[in-house]
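What follows is each chain in one-letter form.
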Amino acid sequence: MSAAGTTTTEGFGVAVTREDTTWRCSLLAPELLDDLDGVITGLRRVASSGPVFAMLAVDDEFFVIVRPIPGGATLLLSDATAGLDYDIAADVLDLLQVQMPEDDEVDDDPWPEGDLGLLADLGLSEQEMQLIVDDVDLYPDEQLTMIAARCGFADAFGKILEKV
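Residues numbered from 1 in each chain as written. Predicted model: local features only at pLDDT ≥ 70, side-chain atom pairs only at ≥ 80, totals over all residues. Heavy atoms only, no water.

> I keep staring at the side chain of Thr74 and nothing clicks. Help me out?
Tracing the sequence through the fold places Thr74 in strand β5 (residues 72–77). Not counting residues up to four positions away in its chain, the partners in contact with Thr74 are Ile65, Val66, Arg67, Ile69, Asp115 and Leu118. (Helix = DSSP H or I, 4+ residues; strand = E, 2+ residues; numbered from the N terminus. Contact = heavy atoms within 4.5 Å.)

This is the structure we're talking about:
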């Protein structure tokens, strides 16, 4: 866990872009798993005529999707309770202007915060995203693989997963 930056956060981050019909995925620097501002800044520097976003899988606990928009970013945090233990999850909640969950709420099932429809224009409806997020039997990398498949970049994403 990276609570207060005490230990190294495990996981991976992937930047996803599409030019015309070609999807590209590239691994993000590991330190970005604790740096939401760094992820957003890095994505803004990507030159692409198509969609640009990042998918982060953190400590086999939760995932974050970050999609820059003019004036900010559209975000999805798969488990709001992660904000109690992880800096990046707390930063997502802060940017979303969502109050941090109370300690007594963590016994409940996890719940997402953010925009479940942030990839709807790429073929993944809000309802389908909700089903993926709600499947607590899946690890974050498995959930992100399902998202990649539904949006059409499973092959590019799979090649990245082989490297982590």
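> How should the sheet that holds strand β4 (residues 62–69) be read in this particular structure?
Sheet strands associate in pairs through backbone hydrogen bonding, adopting either a parallel or an antiparallel arrangement. Reading across from one edge, β2-β1-β3-β4-β5-β6 is the order of the six strands in this open sheet, with antiparallel pairing throughout. Where the open sheet ends on each side, the last strands, each with one partner, are β2 (22–27) and β6 (113–114). One ladder, built from seven bridges, connects strand β1 (residues 11–19) with strand β3 (residues 52–58); its direction is antiparallel. From the neighbouring strand, Thr17 faces β3, where its bridge partner is Val52. Sitting on the sheet, helix α1 (residues 36–44) is in contact with β1, β3, β4 and β5, with an inclination near 45° to β4. Running at roughly 40° to β4, helix α4 (residues 140–151) makes contact with β1, β2, β3 and β4 of the sheet. (Pairing = 2+ DSSP bridges. Axes fitted to C-alpha atoms, helices over the stretch in contact; angles between N-to-C directions.)

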